[in-house]
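Notes for the structure review
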Amino acid sequence: MNHTDAYDNSSLATYCRSLRDSRELGKRLLMVQIPQVILDSFNRDIALKRGYYNFPPTGLQYLYEAIKDRDLEIEILDLNFELLKRVHEDHDFHHDQWPEILEEKLTEFPPAMVGVSCLFDGGIAPMLKSLEIIREQTDAIVIAGGVIATYETENLLSDGGCHFVIAGEGENKLNFLFDHLTGEDQGTAATPGIYFRAGGEEHESLGAPDIVDVKGDLIDSYQKIPIEEYYKYG
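I will try to describe carefully the structure that is included in this document. (Residues numbered from 1 in each chain as written. Predicted model: local features only at pLDDT ≥ 70, side-chain atom pairs only at ≥ 80, totals over all residues. Heavy atoms only, no water.)

**Some details on the overall build of the chain**
Spelled out, the test is: Strands are runs of DSSP state E lasting at least two residues, helices are runs of H or I lasting at least four, and both sets are numbered from the N terminus onward. Between the two quantities, the radius of gyration covers C-alpha atoms and the globule rule is 2.2 Å times the number of residues to the power 0.38. Categorising residues by exposure relies on relative accessible area from a 1.4 Å probe, with only protein chains included: less than 20% of the type maximum marks a residue as buried, more than 50% marks it as exposed, and the intermediate range marks it as partly exposed. The contact criterion used is simple: two residues touch if any of their non-hydrogen atoms lie within 4.5 Å. Residue exposure ignores everything except the shown protein chains as possible cover, and the areas themselves are Shrake-Rupley values with a 1.4 Å probe. As used throughout, the charge tally considers Lys and Arg to be positive and Asp and Glu to be negative, leaving His and the chain termini uncounted. In this description, the location of a charge corresponds to atom NZ of lysine, CZ of arginine, CG of aspartate or CD of glutamate.
Within the chain, the secondary structure is distributed over nine helices and seven strands. For 234 residues, the compact-globule formula gives about 17 Å, and the C-alpha radius of gyration of the chain, at 18 Å, lands near that figure. Expressed as lengths along the three principal axes of its C-alpha atoms, the size of the chain is roughly 60 × 40 × 30 Å. A total of 234 residues make up the chain; the buried ones form 47% of that total. For the chain, long-range pairs separated by at least 24 residues make up 73% of all intrachain contacts whose partners lie at least 6 apart in sequence. If you sum the accessible surface of the chain, you get close to 11700 Å²; carbon and sulfur atoms cover 48% of it. In the chain, 20 positive and 42 negative side-chain charges are present, and the distance between their average locations comes to 3 Å.

Right, dumping it as structure tokens:
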């Protein structure tokens, strides 16, 4: 018996198939980290003195490493880095214009799927704004993840903010979701923690408790971010 057969994930399979059938699902996946600075109290002088944290998007890098062998064209957009860089390089750029960076990326790299990560309460507003922009500008399938998405699952799904919420660690869940979503079944073990709405009801995928085995390194993922520039802006 296949290790996924013990759990009935037919509702997930049906929903994923309906999403595939309703659009031309390409291979482009955009992974987005929303700004990590508190925008309401953003101070340009502090930014220009490199006073704000500017860490690489490690969580998204781990996810990239988990799915990099799939037949996908993947890019990572770190809005925190891009915002700080723009403030440094463009005197006329105001931090409230950060949505323009996302809009430019969606035009430059039209995605079939978008994953948006939010880790802190201060990022809720920019996360919701990002989801709104993605819905308006693309026909992409939207996946939300991170700490905030995990405890705001019901709200994110009920207002149509995204198609899926991945709760907790995402490496295995994302692979299991892509097995269904892309039709490229790699035999990933069934896992709980993938939430979606179908037929007017909220559903969760079924599977054994999800244990993420952190192994390997992030070397390949550094090709997806301008790591050599991070020190300049934070």
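**A short note on helix α4 (residues 79-89)**
What sets the pattern is the α-helix's 3.6 residues per turn: residues three or four places apart point alike. To keep it simple, the criterion reads: By the criterion applied in these results, polar contacts are pairs of N or O atoms within 3.5 Å in which, for protein atoms, one can donate a hydrogen and the other can accept it, and in which residues neighboring in sequence qualify only through two side-chain atoms.
All buried positions along α4 are accounted for by Leu79, Asn80, Phe81, Leu83, Leu84 and Val87. Its side-chain oxygen placed 3.1 Å from the backbone nitrogen of Asn80, Asp78 serves as the N-cap of α4.

**Quick notes on the packing of aromatic side chains**
Each aromatic ring pair is specified by the distance between its two centres and by the angle formed by the two planes. Put simply, the rule reads: Here the aromatic set is Phe, Tyr and Trp, taking the six-membered ring for Trp, and pairing holds for ring centres within 6.5 Å; pairs whose planes are under 30 degrees apart are stacked, those over 60 apart are edge-to-face, and all others are tilted. We call a charge positioned over a ring when the NZ of a Lys or the CZ of an Arg lies within 6 Å of the ring centre and within 35 degrees of the ring normal.
Tallied over the entire structure, the rule returns seven aromatic pairs. Relative to Tyr230, the ring of Phe81 lies with its centre 4.4 Å away and its plane at 20°, an arrangement referred to as stacked. Of this pair, Phe81 sits in helix α4 while Tyr230 sits in the segment after β7 (201-204), placing them 149 residues apart in sequence. Just as Phe81 is buried, Tyr230 falls in that class too. Arranged with centres 5.7 Å apart and planes meeting at 65°, the rings of Phe81 and Tyr233 form a pair that is edge-to-face. Placement of Phe81 in helix α4 and of Tyr233 in the segment after β7 is noted, with a sequence separation of 152 residues between them. No difference in accessibility class separates Phe81 from Tyr233, as the two residues are buried. Taken together, the ring pairs in this structure connect Tyr15, Phe164 and Phe196 into an aromatic cluster. Here the basic side chain of Arg86 rests over the ring of Phe93, its NZ or CZ set 5.5 Å away from the ring centre.

**Quick look at the pairing of β7**
Rule in force here: A pair of strands is treated as paired once DSSP finds two or more bridges between them.
Inspection of the sheet shows strand β6 (residues 194-198) paired to β7 by four bridges, in the antiparallel sense. Looking at β7, one finds that Tyr195 is bridged to Glu204. Here β6 hands over to β7 after two residues, with Gly199 in that stretch at a positive phi of 65°.

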